[in-house]
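# Summary of the model geometry
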Amino acid sequence: MLAASYMIGVDMGTTSTKAVLFTTKGEVIAKEGIEYPLHSPTAETAEQDPEVIYQAVITAIRDTIQVSGVDKAAIRCISFSSAMHSVIAVDAENKPLTACITWADNRATKWTDKIKEETDSHSIYLRTGTPIHPMAPLSKLRWLKEEHPATFAQAAKFISIKEYVFFKLFGSYKVDHSIASATGMFNLEELAWDKEALQVAGVTEDKLSEPVSTTYQFVGLTEQMAELLGVLRQTPFIIGASDGVLSNLGVGAVDEGVVAVTIGTSGAIRAVTDKPTTDPKGRIFCYALTENHWVIGGPVNNGGVVLRWVRDELGAAETETAARLGIDPYEVLTKIASLVKPGSDGLLFHPYLAGERAPLWDANARGSFFGLGLHHKKEHMIRAVLEGVLLNLYSVLLALTELTGKPKRIQATGGFARSELWRQMMADIFDQEVHIPESYESSCLGAAVLGLYSLGDIDSFDVVNDMIGRTHHHTPDPECVEVYQELMSIYIQLSRSFQTEYERIADFQRRMLR
């Protein structure tokens, strides 16, 4: 290791950008986060102002360095994580023609269905690793071309939010293999844009950025920008990867048999393989980490956002009680849920309040309680919601297990980890030991470690295991496992049975909400 002893990981997320300054041993020295809004003027729209996010990146890096007080010469690198699936159209003057259209935007739903009907969409998935879904830039570009042809025609480039930020910093359009592999247009075996997928999207290769390795280094900031950020002009900026794959790295879930589970606003389950791997049934994604590390798994739309819905729509009394006691309202809700037996006395909840990605890949999916009887009370509904989020994630894990075998260990992170009930529930539903790493800034740490790997300071990712520590450990309760295994088959069968009804009710809702 060289004399410089600090690294910065930057994570450009959906709701905020975080910058964390670590020692090369993984110790957190300073961190800053800048929040920004997600604009949703309609039920299907989810977009952001790219300039606001760029300014958040600048502010987060600058403030982190200032707070830390470290010598700028001691900063080894600044490495980046970013949310996936975003699209920004820019003109020939490099000015945005659109907002940043995020992964959560579902306006491309109709065109996603057309792509599935009119093309061999499964073969595209098998080559690109991204299921055909409104989240993917493949579908978003088709939607833009068909419904906003003037904007589409004016666009000189279609880029992600990370490409926007790096162009502003260095004046070059590059896209890392990880972000590219989440577009639905990137051939995993060839590490190049997939010609058939581009035809389906309606774009040519010159409209997209040049794909580069996740270890690619930018150097040579302008003097003005270096001064603004508080770094040396030659400080390496590592392009990095996507937030999901870097979260795996940041929690130490890189070795064979180790699975990472994250539940924040949304959720995901991921494992690492040494080569691109796709699912014959099309249930999981495959994204690049490095040329020798590939992350497979599934994202879900419905994680903590569902519990927030319970708090806001069903938990007014509990929220008021929590305010009087000066405690988190989620503590009150989970305490109430803990009074109910596992299985919620036969009440199941499908948490598809925001459509769903894995394992259904159906933007029309909608939430439902099943088995509701007069014996059920509010506390049953709250527990069923907590269980439903995990049962849905477990269905993704089952798909992953078919490809990689049964996990040896679960590394779980996210806001859910604050709840002892929810952590134990995961161990029981997954029938696995669950470990909670001490480091909660997993994407930032993953980015920073990837930066060290890019510089050649480390030759493997094993060093992460000495950085993360552990806060909690849960083992499954055999009696609870038996209950959940019985309910799981019912849970899965129901979601499969409702596919036609999901489409019909979603269409009805769209017409009523216009």
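Higher on the page you've got the structure.
Counting from 1, residues in each chain are numbered in the order their sequence is written. Restriction of local features to residues with pLDDT of at least 70 applies here, the model being predicted, together with a cutoff of 80 or more for giving and counting side-chain atom pairs; totals for whole chains, interfaces and linings are based on all residues. The basis for every side-chain value is the complete set of heavy atoms in the structure, and neither hydrogens nor water enter the calculation.

### Let's talk about the overall build of the protein chain
Note the following rule: Helix and strand definitions follow DSSP, with helices as H or I runs of at least four residues and strands as E runs of at least two, each counted in order from the N terminus. Atoms counted for the radius of gyration: C-alpha only. Globule rule: 2.2 Å times the number of residues to the power 0.38. Using a 1.4 Å probe on the protein chains alone, a residue whose accessible area is under 20% of its type maximum counts as buried, one over 50% counts as exposed, and one in between counts as partly exposed. For this analysis, residues touch if any pair of their heavy atoms sits within 4.5 Å. Positive charges come from Lys and Arg alone, negative charges from Asp and Glu alone, with His and the N- and C-terminal ends not counted. By convention, the charge on Lys lies at NZ, on Arg at CZ, on Asp at CG and on Glu at CD.
Helix and strand counts for the protein chain come out as 18 helices and 23 strands. In terms of C-alpha radius of gyration, the protein chain reaches 22 Å, essentially the compact-globule figure of 24 Å for 514 residues. Structurally, the protein chain occupies a C-alpha span of about 70 × 50 × 45 Å along its principal axes. Among the 514 residues that make up the protein chain, the fraction classed as buried is 58%. Of the contacts made within the protein chain by residues no fewer than 6 positions apart, 71% connect residues no fewer than 24 positions apart. For the protein chain, the separation between the mean place of its 47 positive charges and that of its 65 negative charges on side chains is 3 Å.

### Here's the deal with the packing of aromatic side chains
For any pair of aromatic rings, geometry is given as the distance between the ring centres together with the angle between the planes. Filter applied, for reference: Put simply, two rings from Phe, Tyr or Trp (the six-membered ring, in Trp's case) pair if the centres are within 6.5 Å, and we call them stacked under 30 degrees between planes, edge-to-face over 60, tilted for the rest. Think of it as a cone above the ring: NZ of Lys or CZ of Arg counts as a charge over the ring if it is within 6 Å of the ring centre and within 35 degrees of the ring normal.
Counted according to the given criterion, the structure contains 17 aromatic pairs. Both rings, one in F186 and one in W193, keep their centres 5.7 Å apart while their planes meet at 80 degrees; by these two values the pair is edge-to-face. For the pair F186 and W193, one class covers both residues: buried. The interplanar angle of 40 degrees and the centroid separation of 4.6 Å between the aromatic rings of F349 and F369 together place this pair among those described as tilted. Of this pair, F349 sits in strand β19 (residues 348–350) while F369 sits in strand β20 (residues 368–370), and the two are 20 residues apart along the sequence. Under the relative-accessibility criterion, F349 is labelled buried at 2%. Among the aromatic side chains, those forming a connected cluster through ring pairs are F80, F166, F170, Y216, F218 and F237. Above the plane of the ring of Y54 lies K168, whose end atom (NZ or CZ) is 4.9 Å from the centre.

### Here's the deal with the sheet that holds strand β23 (residues 472–474)
Stated precisely, the cut-off is as follows: Whether two strands pair depends on DSSP finding at least two bridges between them. Under this scheme, a helix contributes an axis fitted over its contacting stretch, all axes are lines through C-alpha atoms, and angles between N-to-C directions fall in the 0 to 180 degree range.
With respect to topology, seven strands assemble into an open sheet ordered β17-β18-β16-β15-β21-β22-β23, the strand pairing being mixed. Of all the strands in the sheet, just β17 (285–290) and β23 have a single pairing partner and so form its edges. Averaged over neighbouring strand pairs, the angle between their axes works out to 25 degrees when direction is ignored. Direction of pairing for strand β15 (residues 258–263) relative to strand β21 (residues 409–413): parallel, over a ladder of five bridges. Among the inter-strand pairings, T262 is bridged to a residue of β21, identified as T413.

### Comments concerning the layout of surface pockets
Filter applied, for reference: A 1.4 Å probe that fits into a set of points on a 1 Å grid over the protein atoms alone but cannot get out defines a cavity; an open set with protein on both sides within 12 Å along at least five of seven lines defines a pocket, and lining residues are those with an atom within 4 Å of a point. Grid points are joined across faces, edges and corners, and a volume is the space filled by probe spheres set on the points.
The volume enclosed by the second largest pocket comes to roughly 820 Å³. Breaking the lining of the second largest pocket down by element, the ones donating at least two residues are α2 (109–118), α3 (121–128), α14 (378–404), α17 (478–497) and α18 (499–512).

### Notes on the environment of A316
Of note, A316 is situated in helix α12 (residues 316–325). Given a relative accessible area of 57%, A316 falls into the exposed group. For the pair formed by A316 and K145, sequence separation is 171 residues and the distance between their alpha carbons is 44 Å.

### Description of the packing of α12 against helix α13 (residues 329–337)
We apply this condition: Orientation categories follow fixed angle ranges, with anything under 35 degrees roughly parallel, anything over 145 roughly antiparallel, 65 to 115 roughly perpendicular, and all other angles oblique. Each crossing is labelled by how the near helix is turned from the far one, with a counterclockwise turn of less than a right angle marking it left-handed and a clockwise turn marking it right-handed. Residues are grouped as follows: nonpolar covers Ala, Val, Leu, Ile, Met, Phe, Trp, Tyr, Cys and Pro; charged covers Asp, Glu, Lys and Arg; every other residue, Gly included, is treated as polar.
Where α12 contacts α13, the two axes come as close as 8 Å, and the packing angle between them is 125 degrees. Accordingly, the angle class assigned to the pair α12 and α13 is oblique. The handedness of the crossing between α12 and α13 comes out as right-handed. Within the contact between the two elements, α12 uses E318, T319 and A322 and α13 uses P329, V332, L333 and I336. A per-class count over the contact of α12 with α13 returns five nonpolar, one polar and one charged.

### Describing the nonpolar core
What tends to happen in soluble globular proteins is that the nonpolar side chains get buried as a cluster. Short version of the rule: Definition of nonpolar core: a set of buried residues of the types Ala, Val, Leu, Ile, Met, Phe, Trp, Tyr and Cys, connected through side-chain atoms within 4.5 Å.
In this structure, M185, M426 and F430 are the most contacted members of the largest nonpolar core, which totals 120 residues. Among the elements that line this core, the one with the most residues is α14, at 13 residues. Aside from chain neighbours lying at most four places away, what touches F430 is V261, I269, L390, L393, Y394, L397 and I410. If you look at the next biggest cluster of nonpolar residues, it comprises 39 residues, including F170, A226, V231 and F237.

### Quick look at a negative patch on the surface
Here is the rule: Only residues whose relative accessible area exceeds 30% and that form no salt bridge enter a patch; like-charged residues are grouped when within 9 Å of one another, and nonpolar side chains (Val, Leu, Ile, Met, Phe, Trp, Tyr) when within 5 Å. Only the protein chains shown count as cover for residues, and the accessible areas themselves come from Shrake-Rupley with a 1.4 Å probe. In the sections that follow, a salt bridge refers to a side-chain nitrogen of Lys or Arg positioned within 4 Å of a carboxyl oxygen of Asp or Glu.
Together, D255, E256, D274, D459, D462 and D466 give the surface a local cluster of negative charge. Residue placement: D459 occurs in the loop between α16 (442–455) and β23. With relative accessibility at 72%, the residue D459 sits in the exposed group.

### As for the packing of α2 against helix α4 (residues 137–147)
Look at α2 against α4: their axes get within 8 Å of each other, and the N-to-C directions meet at 105 degrees. With respect to their mutual orientation, α2 and α4 come out roughly perpendicular. Counting all contacts with α2, which are made through K110, W111, T112, I115 and E118, the residues of α4 involved are L138, S139, R142, W143, E146 and E147. Residue composition of the contact of α2 with α4, grouped by class: four nonpolar, two polar and five charged.

### Let's talk about α4
Side chains that are three or four residues apart share a direction in an α-helix, a result of its 3.6 residues per turn. Among the 11 residues in α4, eight count as buried, and that is most of the element. What α4 keeps buried is the set P137, L138, S139, K140, L141, R142, W143 and L144. Buried positions along α4 lie against β7 (100–101), α2, α3, α5 (149–154), β8 (157–159) and α8 (195–201).

### A look at the pattern of salt bridges
In total, this model carries 24 salt bridges according to the counting rule given. R76 serves as the salt-bridge partner of D457, at 2.7 Å between the closest nitrogen and oxygen. With a gap of 381 residues between them, D457 in the loop between α16 and β23 and R76 in strand β5 (residues 75–82) connect regions that are remote in the sequence. Between E320 and R324 there is a salt bridge, with the nearest N and O atoms lying 3.6 Å from each other. Of the two residues, E320 and R324 both sit in helix α12, four residues apart, roughly one turn of that helix. Each of D279, K281, R283 and E402 takes part in a single network of salt bridges with overlapping partners.

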